[in-house]
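# Close look at the chain arrangement
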Amino acid sequence: MVNHENTAPEQDEVKNTIAEEQGDAGQTADAEPGIEALQSEVDQLKQQLNDAREQALRAQAEMQNSRRRAEQDVEKAHRYALEKFAGELLPIVDNLERAIQSSQGGTEHLLAVREGVEMTLDLFVKTLEKFNVGTVHPVGEDFNPDLHQAVTMIPHPEMDANKVVDVMMKGYTLNGRLLRPAMVVVSKGKA
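Described below are features of the structure shown in this document. Since we're looking at a predicted model, the values are computed, not measured.

On to the side chain of Thr173, then. Structurally, Thr173 can be placed in strand S4 (residues 171–174). Setting aside chain neighbours within four positions, we find Thr173 in contact with Asn132, Val133, Gly134, Val136, Leu178 and Leu179.

In structure tokens, the structure reads:
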């Protein structure tokens, strides 16, 4: 025997459950286009955020590069500010050295003049060295076209080819940068 009193409430419960499931299914079907639209919008916003981050990083890197270039320009300006001035002083050194060479031997008066010129030259060279002006005097070294200017080539019985035999005029550098090349005589090699 079946108890009908108990089945009616159970049937109502089953009907309610089915109705709820159908209602949920209907809502899901209606909600899916909304979820897809929201998901698409989220994806677009994520892309915009990534683009904005990338632009910010690029701008920051460009700013750092600009600052670094400006610092390098200022450093070079400080380092080579004396280049033109030092270049103008080099003929004075050359003339003092010539005066010393031409006063070889002679009278006591000439020797006193020579001694004074030597002291002046020594002081002058030390002053240039304080400001990082270096001398290029390459006798016996290999010829280097970056530092030397060959005036002539001569055969030399005791030297290999492309060696500096004599320096006609010294070269100079400022902070390692060439101011004036050394004017040199280069060996052709053993005769």
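So, next bit.
Moving on, we come to the packing of helix H2 (residues 83–102) against helix H3 (residues 108–130). Running from N to C, H2 and H3 cross one another at 150°; their axes reach a closest spacing of 9 Å. Here H2 lies roughly antiparallel to H3, going by the angle between them. For H2 against H3, the interelement crossing comes out left-handed. In this structure, H2 uses Leu89, Ile92, Val93, Leu96, Glu97, Ala99 and Ile100 to contact H3, whose residues at the interface are Arg114, Val117, Glu118, Thr120, Leu121, Phe124, Val125 and Leu128. Of the residues that constitute the contact of H2 with H3, the class distribution is eleven nonpolar, one polar and three charged.

By the definition in use, this model includes one cavity of 30 Å³ or more. Lining the largest cavity are Val125, Leu128, Glu129, Val133, Thr135 and Tyr172. No other element matches the three residues that H3 contributes to the lining of the largest cavity. Taken together, the residues that form the lining of the largest cavity break down as four nonpolar, one polar and one charged.

One open sheet holds the three strands; their spatial order is S2-S6-S3, and the pairing between them is mixed. The outermost strands of the open sheet, each flanked by one partner alone, are strand S2 (148–155) and strand S3 (164–169). When strand polarity is set aside, the average angle formed by the axes of neighbouring strands in this sheet is 30°. Two strands pair when backbone bridges link them, and S2 and strand S6 (residues 182–189) are joined in this way by seven bridges, in the parallel orientation. Within S6, the position partnered with Met153 by the bridge is Val186.

Conventions used here
- Residues numbered from 1 in each chain as written.
- Predicted model: local features only at pLDDT ≥ 70, side-chain atom pairs only at ≥ 80, totals over all residues.
- Heavy atoms only, no water.
- Helix = DSSP H or I, 4+ residues; strand = E, 2+ residues; numbered from the N terminus.
- Contact = heavy atoms within 4.5 Å.
- Axes fitted to C-alpha atoms, helices over the stretch in contact; angles between N-to-C directions.
- Parallel < 35°, antiparallel > 145°, perpendicular 65-115°, else oblique.
- Left-handed = near helix turned anticlockwise from the far one by under 90°.
- Nonpolar A, V, L, I, M, F, W, Y, C, P; charged D, E, K, R; others polar.
- 1 Å grid on protein atoms, 1.4 Å probe; cavity = no way out; pocket = protein on both sides within 12 Å on 5 of 7 lines; lining within 4 Å.
- Points joined across faces, edges and corners; volume = space filled by probe spheres on them.
- Pairing = 2+ DSSP bridges.

So far we have only geometry, and geometry alone does not tell us how the molecule works.
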